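Overview (structure and organization)
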Amino acid sequence: MGLYSLNVLVSNTMRYQRLYFQQFIPAVALQASQRQMLLQSNARETVLTSHQRSASFARDLAAGKLNMKWICPYPTLKTEDDLKELNQLSDTVAKFFSEKVDSTKMDREANFDPAVIEGLKDMGLFGTQIPEEYGGLGLSNVQYARVLEEVSTDGAITVMLAAHQAIGLKGILIAGNKEQKEKYLPRLATGEWIAAFCLTEPSSGSDAASIQTRATLSEDGKTWLLNGEKIWITNGGFADIMTVFAKTQVEEANGELKDKVTAFIVERTFGGVTSGNPEDKLGIRASNTCSVNFENTPVPAENVLGEVGGGFKIAMKILNSGRFSMGSSVAGQLKRMLATVTEHATTRTQFGRKLSEFGIIQDKIFDMTLKIYAAESMAYMTAGQMDILDENGDPPDCSIEAAMVKIYSSEAAWSCGSECLQILGGLGYMKDMPYERMLRDARILLIFEGTNEILRLYVALSMMQYAGAKLQQRLKLAKQGDGRERWTAIMDLFREYMRVESSTKFLPNRSFGLTAPHATKTWLHDSMVNSGKMIEANVDSFRKRVYLNLRKYGKKIQDEQLVLKTFADIAINIYAMSAVLGRCNKAKILSLRNCDHEKLIATAFIKKTYKENLVLLESLLDPYPFDCKEESKRVCDAIMEERRYLCSHPLEVVHRYQEHPKYLEHLERIKLLRE
Amino acid sequence: MARVLVGVKRVVDYAVKIRVKPDKSGVVTDGVKHSMNPFDEIAVEEAIRLKEKKFASEVVAVTCGPTQNQETLRTALAMGADRGIHVEIPAADYPKVGPLHVSKILAKLAQKEEAGLIIVGKQAIDDDCNQTAQMTASFLDWPQGTFASELKLEGDKLTVVREIDGGLETIELKMPAVVSADLRLNEPRYATLPNIMKAKKKKVDKLSPSDLGVEIATNIEVLEVSDPPVRDAGMKVENTEELISKLKEAGLV
């Protein structure tokens, strides 16, 4: 069939016929322009339709695969009308915040303005994710993320609302039975009742499983008595409904009695609930953070959330489900800051020129733009995937990706906030300007909802676990599987070996198919192909390092926190690059407004992050000549031993065997503490 | 109880920095944020308050313009209007449309819908014409209460307090009537998120001007739109002597 008639055929047939032909025509046979047209038309369809849900991006990454169904199509709303409605929702919220909310005043007074809270309740912001049947808005994750972009104008309000609905009442939404939902959700949706999430205790922060609050069942089995102290509870001073986690004695299958965490819905009216004084905080000062004490608080047995002993899982599910929204709220706030900062940079003159003409300032703005773009892209990609329910109507487990979004956006908020303040110089440091408040408000993002350190370990360990399990399974099948399974397993291992040990490129890559000759499955716009290749290269190296380190450390990898941190950083970078690529691809194919500008941002971001990843990947090699693990261990051990800086003073010239009396005192004190 | 007709216009948002098009034919509107005319928001708010106080039976929001005007109608519905009427005018013809045409349309609609009260904003912030309410009343031969800062409805008597140059004027109108809303009439409510989501289920009728027998033909041609002249910087003087000497220098005294 001639190429000309192929052209006509392609443009005249229906979509399914196009796809049909596409399967059988190797890419090399088509001219570049025809391929482009074919890809564009298919890509356009693909970009606007939603695929069925597929496995986690991060886990596939651990196995060395780029999950294309996450990247393309980039999530979109079902209809244009939906988008219009969402924009209307967000614009209304934005209008309210710009006209009615005085963040500086609330921060200074460390208190909310009651009129603002009433306005938020009237607006319906207290029940955004509660289903409509219970009086809420029933917003999907994507819609919620979009609305939060505008709410983040004020950090304290964002945190207060998040503590109420993203974690406080989420437990009832996720694990509550019908009676609990009907009893509590309607009044929580209107804001008549406010919720709080009570997990943290003085001795249990990151180590949530070690909580000591206890709940003991009464003789008649109808009431639990709750005793304990929870600290740093947002909304703790006035919350009416609290999700409280306590240890309960559970009888295991083998008759053994164990302490397991159980979740309870506790009303303040049950009695025995007291709140401490509000904490004086660095940032989000208007929000209420205090300790909550439970003294023999009677909790009816119907108020157990989920199963007795199943509380830890519920806590993790709750925390995992709210994390992704940090990406969009950070992006929203940074976009507003970018507008004001560039306003300053283009008007302020020094050395006879505007600040915006100087390279270092431009670099700061550029860096901020890249980070905003990446945070947005990742947040909506994750939210979009979370909205695709599986066959049972259950939301998928995107906890690893949500954690990645949280880590990236919280650190972007802190560093970009700091740079914004820097651009304004001395003026940025003054309380007259809002930048110092925004920076202070941003600092908590790295700490709460799972510290970034814990989340990095979570991301890395989940990926290691998956990769390790897959490897083990293959090994098992290769040794003991029956006929076909065994053959497939051996072939898989061989292929892995070929990929990991050698750098042969003749084996077709399963992701974009860019580096292999059979490129029929690529949905990328031509201008984005290079960026795609960089991501693929990173993924390839990542896979190699994963296997290398799994083989080197085995199960002990859990203790190698620096190695895990590096893996997490690389994975987060790869996720960011993929999200950016997917979004920019969509923009180019649909020719959205300013799509060429987006392409510049995406290309630069991918180039920069690719290079960063190269450095990180190199540090995972074995042996790594610049490794400081040995030095680090010995220095830290010595310092922790004496709990002080050990070097002699820079000006010291005389050997001193005799120590300063102050130091001898210090040594004595430590010795006493040890005994 | 009267049916209230409220006219809403989609204009460039008040907070946007207006820029003149390079060919001086008008103002840049592409890609610029638009929203409902602030005075029309006040008009909608008043209509809804009348309905809440049970003086009005139904609030119908009307807009004349291209497809994008649907968003403005949606905002009115989200604020509490019961249904909407979109008089569609293609984007190419829209620049020709002015208060004369809109008032003809509103007049015809008032008769069609059997409205007892028409409330519009006193003027639109893009053209500042301040003509629609007056022309509509004239076409219908209804009494008019313009620049209303207070509205009271009792039976079929409408008491309007008007803000005029000399102060406040209170007049009594017999329904049906036309009212134009001024700034201090009320403070418009924020549309609540649940109401925005309910708004998409409300009925919106689509008509064209020819359905109402109105022709879009204008005798007015815009010759040029240009920026106002840049203000010269002022000067501070220490005392009256210096003022006089400066004025003498400038040849003004």
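Residues numbered from 1 in each chain as written. Chains lettered and ligands numbered in written order. Predicted model: local features only at pLDDT ≥ 70, side-chain atom pairs only at ≥ 80, totals over all residues. Heavy atoms only, no water.

Here's the deal with the overall build of chain A
Broken down by element type, chain A carries 25 helices and 10 strands. Looking at chain A as a whole, 49% of its 675 residues qualify as buried. As displayed, chain A has an accessible area near 34,000 Å², and 54% of this comes from carbon and sulfur atoms. (Helix = DSSP H or I, 4+ residues; strand = E, 2+ residues; numbered from the N terminus. Buried < 20%, exposed > 50% of the residue type's maximum accessible area, 1.4 Å probe, protein only. Areas by Shrake-Rupley, 256 points an atom, 1.4 Å probe, with all protein chains shown as cover.)

Section: the overall build of chain B
Helices and strands together make up the secondary structure of chain B, namely six helices and 11 strands. With the principal axes as the frame, chain B shows a C-alpha extent of 70 × 45 × 40 Å. When each of the 253 residues of chain B is scored for burial, the buried share is 44%. Taking the intrachain contacts of chain B between residues at least 6 apart in sequence as the baseline, contacts between residues at least 24 apart amount to 71%. Carbon and sulfur atoms provide 51% of the accessible area of chain B, an area that totals close to 13,900 Å². (Contact = heavy atoms within 4.5 Å.)

What to know about the UniProt feature "domain: Electron transfer flavoprotein alpha/beta-subunit N-terminal" (unreviewed entry) in chain B
UniProt's feature table lists "domain: Electron transfer flavoprotein alpha/beta-subunit N-terminal" (unreviewed entry) at residues 24-216 of chain B, given in the numbering used throughout. With 30% helix and 31% strand, residues 24-216 of chain B has end C-alpha atoms that lie 23 Å from one another. (UniProt positions renumbered as here; feature names shortened; annotations may be inferred.)

As for the interface of chain B and chain A
Frequently, the measure chosen for interface size is the accessible area removed from exposure when the parts meet. Each partner contributes residues to the interface: chain B has 15 residues there, and chain A has 17 residues. When chain B packs against chain A, the two sides together hide about 1,700 Å² of surface, and 57% of this comes from carbon and sulfur. Taken as a group, Tyr190, Leu193 and Met197 of chain B account for 44% of the area that chain B buries against chain A, more than any other trio of residues on that side. In this structure, Lys95 of chain A engages Glu41 of chain B in a salt bridge whose closest nitrogen and oxygen atoms are separated by 3.8 Å. Scanning the region where chain B abuts chain A turns up five residue pairs in polar contact (both at pLDDT 80 or more). Among the elements of the structure, α2 (69-79) and α5 (193-199) of chain B are those that each provide at least two residues to the side of chain B that touches chain A. Along the lines of polarity and charge, the residues of the side of chain B that touches chain A split into eight nonpolar, two polar and five charged. (Buried area = accessible area lost by both parts, 1.4 Å probe. Salt bridge = Lys/Arg side-chain N within 4 Å of Asp/Glu carboxyl O. Polar contact = N/O pair within 3.5 Å; in protein donor to acceptor, adjacent residues only side chain to side chain. Nonpolar A, V, L, I, M, F, W, Y, C, P; charged D, E, K, R; others polar.)

Some words on the side chain of Asn320 of chain A
Residue and element names in this part refer to chain A. Tracing the chain through its elements places Asn320 in helix α13 (residues 311-322). Under the relative-accessibility criterion, Asn320 is labelled buried at 17%. With residues up to four places along the chain from it excluded, the contact list for Asn320 reads Ser399, Ala402 and Tyr458.

Observations concerning the confidence of the model for chain A
Residues and elements named next belong to chain A. Mean pLDDT over chain A: 86, with 87% of residues reaching 70 or higher. Throughout residues 42-54 the model reports pLDDT below 50, and contacts reaching past four residues in sequence, or to other chains, amount to 37 contacts. Residue range residues 513-521 is modelled with pLDDT below 50. Its contacts to residues more than four positions away, or to other chains, number 20 contacts. (pLDDT = per-residue confidence, 0-100.)

Here's the deal with the pattern of salt bridges
Residue and element names in this part refer to chain A. One pass over the structure, following the stated rule, counts 54 salt bridges over all chains. Notably, a salt bridge pairs Arg214 with Asp259, separated by 2.8 Å at the nearest N-O pair. Of this pair, Arg214 sits in strand β2 (residues 214-217) while Asp259 sits in strand β5 (residues 257-267), and the two are 45 residues apart along the sequence. Ionic pairing is found between Asp596 and Lys588, a salt bridge with its closest N-O pair at 2.6 Å. A relative accessible area of 13% places Lys588 in the buried class.

Regarding the packing of helix α9 (residues 141-151) of chain A against helix α14 (residues 325-347) of chain A
Residues and elements named next belong to chain A. Two numbers describe how α9 lies on α14: the axes approach to 7 Å, and their chain directions differ by 35 degrees. The two elements α9 and α14 meet at a crossing, and its hand is right-handed. Across the interface between the two elements, Tyr144, Ala145, Leu148, Glu149 and Glu150 from α9 touch Ser325, Ser328, Ser329, Gly332, Lys335 and Arg336 from α14. Looking at the contact of α9 with α14, its residues break down into three nonpolar, four polar and four charged. (Axes fitted to C-alpha atoms, helices over the stretch in contact; angles between N-to-C directions. Left-handed = near helix turned anticlockwise from the far one by under 90°.)

Focus on the nonpolar core
Residues Leu120, Leu125, Ile157 and Phe542 of chain A together with Leu158 of chain B are the most contacted members of the largest nonpolar core, which totals 140 residues. Here Leu120 of chain A is in contact with Phe96, Phe97, Leu125, Phe126, Ile157 and Met160 of chain A, once residues within four sequence places are set aside. One finds Ala208, Ile241, Leu305 and Ile318 of chain A within the second-largest nonpolar core, a separate group that totals 26 residues. (Core = buried A, V, L, I, M, F, W, Y, C linked by side-chain atoms within 4.5 Å.)

With respect to the pairing of β5 of chain A
Residues and elements named next belong to chain A. Taken together, the 11 bridges between strand β4 (residues 241-251) and β5 define a ladder with antiparallel strand orientation. Residue Val250 lies in a different strand from β5, and its bridge partner there is Lys258. From the end of β4 to the start of β5, which pair antiparallel, there are five residues, and Gly255 there has a positive phi angle of about 85 degrees. As paired strands, β5 and strand β8 (residues 304-305) are joined by two bridges and run antiparallel to one another. Residue pairing for β8: Phe264 is matched across the bridge by Val304. (Pairing = 2+ DSSP bridges.)

Brief notes about helix α6 (residues 80-100) of chain A
A rise of 1.5 Å per residue sets the reference length of α6 of chain A, with its 21 residues, at 30 Å; its end C-alpha atoms lie 30 Å apart and thus fit the reference within 8%. Taken together, the buried positions of α6 of chain A are Glu85, Leu86, Gln88, Leu89, Ser90, Thr92, Val93, Phe96 and Phe97 of chain A. (Expected span 1.5 Å × (residues − 1).)

Structural notes on a nonpolar patch on the surface
All names here are of chain B. Taken together, Val237, Leu243, Ile244, Leu247, Leu252 and Val253 make up a surface patch of nonpolar side chains, about 520 Å² in accessible area. On the secondary structure map, Leu252 appears in the segment after α6 (240-249). Take Leu252: its relative accessible area is 64%, and that puts it in the exposed class. (Patch = residues over 30% accessible without salt bridge, like charges linked within 9 Å, V, L, I, M, F, W, Y side chains within 5 Å.)

Notes on the sheet that holds strand β9 (residues 167-174) of chain B
Residues and elements named next belong to chain B. One open sheet accounts for nine strands, arranged β9-β8-β7-β10-β6-β1-β4-β5-β11; its pairing is mixed. Each edge of the open sheet carries a strand with a single partner, namely β9 and β11 (204-207). In this sheet, neighbouring strand axes are inclined to one another by 30 degrees on average, regardless of whether the strands run parallel or antiparallel. The sheet contact formed by strand β8 (residues 157-164) and β9 spans eight bridges and is antiparallel. Paired with Arg162 across the bridge in β9 is Glu169.

So, unusual backbone geometry
Here Asp622 of chain A and Pro623 of chain A are connected by a cis peptide whose omega angle stands at 0 degrees. Checked against the element boundaries, Pro623 of chain A lands in the loop between α23 (595-618) and α24 (629-642). Omega for the peptide link from Met175 of chain B to Pro176 of chain B comes to 0 degrees, which places this bond in the cis form. Relative to the helices and strands, Pro176 of chain B resides in the loop between β9 and β10 (177-181). Unlike most non-glycine residues, Trp232 of chain A shows phi in positive territory, near 55 degrees. Topologically, Trp232 of chain A is positioned in strand β3 (residues 223-234).

A look at α2 of chain B
All names here are of chain B. Burial analysis of α2 places eight of its 11 residues in the buried class, which makes it a mostly covered element. Within the sequence span of α2, burial applies to Asn69, Thr72, Leu73, Arg74, Ala76, Leu77, Ala78 and Met79. Positive phi appears at Gly80, one or two residues downstream of α2, with a value of about 135 degrees.

Section: the packing of aromatic side chains
Residue and element names in this part refer to chain A. Taken as a whole and judged by the stated rule, the model has 11 aromatic pairs over all chains. With 6.0 Å between their ring centres and 45 degrees between their planes, Tyr184 and Trp193 make a pair best called tilted. For the residue pair Tyr184 and Trp193, the accessibility class agrees, reading buried in each case. Pairing Trp224 with Phe264 gives two aromatic rings, centres 5.5 Å apart and planes at 65 degrees, and the pair type is edge-to-face. Taken together, the residues Trp224 in strand β3 and Phe264 in strand β5 connect sequence positions 40 residues apart. When sorted by exposure, Trp224 lands in the same class as Phe264, which is buried. Over the face of the ring belonging to Trp414 we find Arg443, whose NZ or CZ atom lies 5.2 Å from the ring centre. (Phe/Tyr/Trp six-rings, centres within 6.5 Å; stacked < 30°, edge-to-face > 60°. Lys NZ or Arg CZ within 6 Å of the ring centre and 35° of its normal.)

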